[in-house]
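# What the coordinates show
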Amino acid sequence: MGEQRILAEAARIRALGEAVNRPARDPVNQPHINDWVEAMGNTNPRYHRGEAPPSMTQAWTMYGLVAPRDPDDPLHAMMAVLTAEGYTGVLGTNCEQTYERYLRVGEQLRVTVRLGDVAGPKQTGMGEGWFVTSISTWYVEHEDGRSERVGEMLFRVLKFKPKQASGDPGEFVLYPTTNRDNEFFWAGTKSGELRIQKCGSCGALRHPPGPSCPRCHAFDRQYIVAAGTGTVFSYVVHRHPPIPGHALPIRLALVDLDEGVRMVATTDADIEIGDRVRVAFRRVDDKLTLPYWTSIGGGR
Ligand code: ZN
């Protein structure tokens, strides 16, 4: 019954076509480009000569913090249908952007959104769910009335029924993906060590682990064992939506380790920015031990 209704609603919403048609708040402009390239650390000089980074396309048509959301948005409409059917969890799964050309200062954009595939129900690691794809298309409006397609984005989310609605955190574990870049890290937590990846060529420390050194590009992966102490740089308290395997709320802290890298983990205490923390370890099972932060006092 639920499945029939979901498919019928998906067909109805898809038939609306490009239901959202929203102009950008501002034309493509240099001050906004300056902010973007600074934030991204992009030093390409072409972005100071009247062109905008293509990866910025979506930014021109964002709602902003206070603008009302578009009630006709087909993705939101489909989300509402699935939520009503009990698929309350949401997880972004993939996003593919296509750019036709560089945008230029002064151009006026608009974006349309239509619903793509709605596929399900499927059994996933998160629980039973539906994959929902929306397609955003960006156009430049020319003075002669012509609309030129300049970019497109496929955005896919998984709407799922969280495996355990009971709130018991013990039943389900979401294991991290391990590979040859990060297996040393998880081997470390198992043996009670917090390890930081180190470049074997230039000695630079880095986290999260990756294949190559961002400083000298060498592929020589080594590690050191951290002292396990650091200072809270920032934190969030996650209250909703539910996450399988965790009791809410979850406190997550981004910590500046004394060795100079930043690491994120949950914390067992109320913390504030600037608090000193020390790592501790929670053994989940034979396969997984998770690090978490425990407070060792306030102030820097
Ligand atoms: Zn290096």
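Residues numbered from 1 in each chain as written. Predicted model: local features only at pLDDT ≥ 70, side-chain atom pairs only at ≥ 80, totals over all residues. Heavy atoms only, no water.

### Thoughts on the sheet that holds strand β12 (residues 250–257)
Heads up, the rule is: A pair of strands is treated as paired once DSSP finds two or more bridges between them. Strands here mean DSSP runs of E at least two residues long; helices mean DSSP runs of H or I at least four residues long; both are numbered from the N terminus. Axis geometry follows a simple rule: fit a line to the C-alpha atoms, using only the stretch in contact for helices, then measure angles between N-to-C directions, giving values from 0 to 180 degrees.
On the basis of which strands lie adjacent, the closed barrel formed by five strands has the order β11-β12-β13-β15-β14 and mixed pairing. Each adjacent strand pair in this sheet contributes to an overall mean axis angle of 50°, direction not counted. As paired elements, strand β11 (residues 229–238) and β12 share eight bridges and run antiparallel to each other. In the strand pairing of β12, V236 is matched with L252.

### A closer look at the coordination of the zinc ion
Under the convention used in this document: Here the term donor refers to an N, O or S atom within 2.8 Å of the metal (or 3.2 Å for Na, K and Ca), and because water is left out of the atoms, sites may appear incomplete. Any coordination sphere not matching a tetrahedral pattern (four donors, all angles between 85 and 135 degrees) or a square planar or octahedral pattern (four or six donors, opposite donors over 155 degrees apart, other angles between 65 and 115) is reported as irregular. Three exposure classes are used, based on accessible area relative to the maximum for each residue type with a 1.4 Å probe and protein chains only: buried under 20%, partly exposed in between, and exposed over 50%.
Taken together, the protein ligands of the zinc ion are C199 (SG), C202 (SG), C213 (SG) and C216 (SG), with distances of 2.3 to 2.4 Å. Every donor counted, the four donor atoms about the zinc ion form angles of 102 to 113° at the centre, which fits tetrahedral coordination. Spacing between the donor residues of the zinc ion along the chain follows C-x2-C-x10-C-x2-C. Residue C199 is located in strand β8 (residues 195–199), and its partner C213 is located in the loop between β9 (205–206) and β10 (221–225); the two are separated by 14 residues in the primary sequence. For C199, a relative accessible area of 0% gives the class buried. A relative accessible area of 1% places C213 in the buried class.

### Regarding the domain arrangement of the protein chain
Often, the extent of an interface is quoted as the loss of accessible area upon association of its parts. For clarity, the threshold we go by: Note that the domain bounds were set by an automatic or database domain assignment.
In terms of domain boundaries, the protein chain breaks down into domain 1 (2–160) and domain 2 (183–295). Relative placement of domain 1 and domain 2: their C-alpha centres are 32 Å apart.

### Here's the deal with the sheet that holds β8
Through backbone hydrogen bonds, the strands of a sheet pair up, either in parallel or in antiparallel fashion. Definition in use: Here a residue-residue contact requires only that any non-hydrogen atoms of the pair lie within 4.5 Å.
Ordered in space as β9-β8-β10, the three strands form an open sheet in which the pairing is antiparallel. Either end of the sheet is taken by a strand with one partner, and the two such strands are β9 and β10. Judged from the five bridges that link them, β8 and β10 form a sheet pairing that is antiparallel. The partner of I196 across the bridge, within β10, is I224. Relative to the sheet, helix α5 (residues 183–190) contacts β8 and β10, its axis offset from that of β8 by approximately 145°.

### Some points on the pairing of strand β5 (residues 108–124)
As defined by bridge partners, strand β1 (residues 20–23) adjoins β5 across four bridges and the pair is classed as antiparallel. Among the inter-strand pairings, N21 is bridged to a residue of β5, identified as T112. Between the antiparallel neighbours β5 and strand β6 (residues 127–141) lie two residues.

### Here we look at the environment of A15
Note on placement: A15 falls in helix α1 (residues 2–15). Along the backbone, A15 and L91 are 76 residues apart, and their C-alpha atoms lie at a distance of 25 Å.

### Here's the deal with a nonpolar patch on the surface
Stated formally: Within this analysis, patches are made of residues with over 30% relative accessible area and no salt bridge. Like charges are joined at 9 Å or less; nonpolar side chains (Val, Leu, Ile, Met, Phe, Trp, Tyr) at 5 Å or less. Values of accessible area rely on a 1.4 Å probe in the Shrake-Rupley scheme; residue burial ignores everything except the protein chains shown. We define a salt bridge as a contact between a side-chain nitrogen of Lys or Arg and a carboxyl oxygen of Asp or Glu at a distance within 4 Å.
On the surface, V236, L252 and V264 cluster together into a nonpolar patch covering about 240 Å² of accessible area. With respect to the element layout, V264 can be found in strand β13 (residues 262–267). Taking the relative accessible area as the measure of exposure, V264 reaches 56% and is therefore exposed.

### Thoughts on the pattern of salt bridges
Throughout the structure, instances matching the rule amount to 17 salt bridges. As a salt-bridge pair, E152 and R114 come within 3.9 Å of each other at their nearest N and O atoms. Taken as a pair, E152 in strand β7 (residues 147–160) and R114 in strand β5 lie far apart in primary sequence, 38 residues in all. Among the salt bridges present, the one from D270 reaches R251, with a minimum N-O distance of 2.8 Å. Of this pair, D270 sits in the loop between β13 and β14 (276–283) while R251 sits in strand β12; the two residues are 19 residues apart in sequence, bridging distant segments of the chain. R251 sits in the partly exposed class, given a relative accessible area of 25%. Several salt bridges share partner residues, and in doing so they unite E100, R114, R149 and E152 into one network.

### Section: α5
Buried within α5 are the following residues: F184, F185, W186, G188 and T189. Where α5 is buried, its residues contact β8, β10, β13, β14 and β15 (289–295). In the segment just after α5, G192 is the residue with positive phi, at about 80°.

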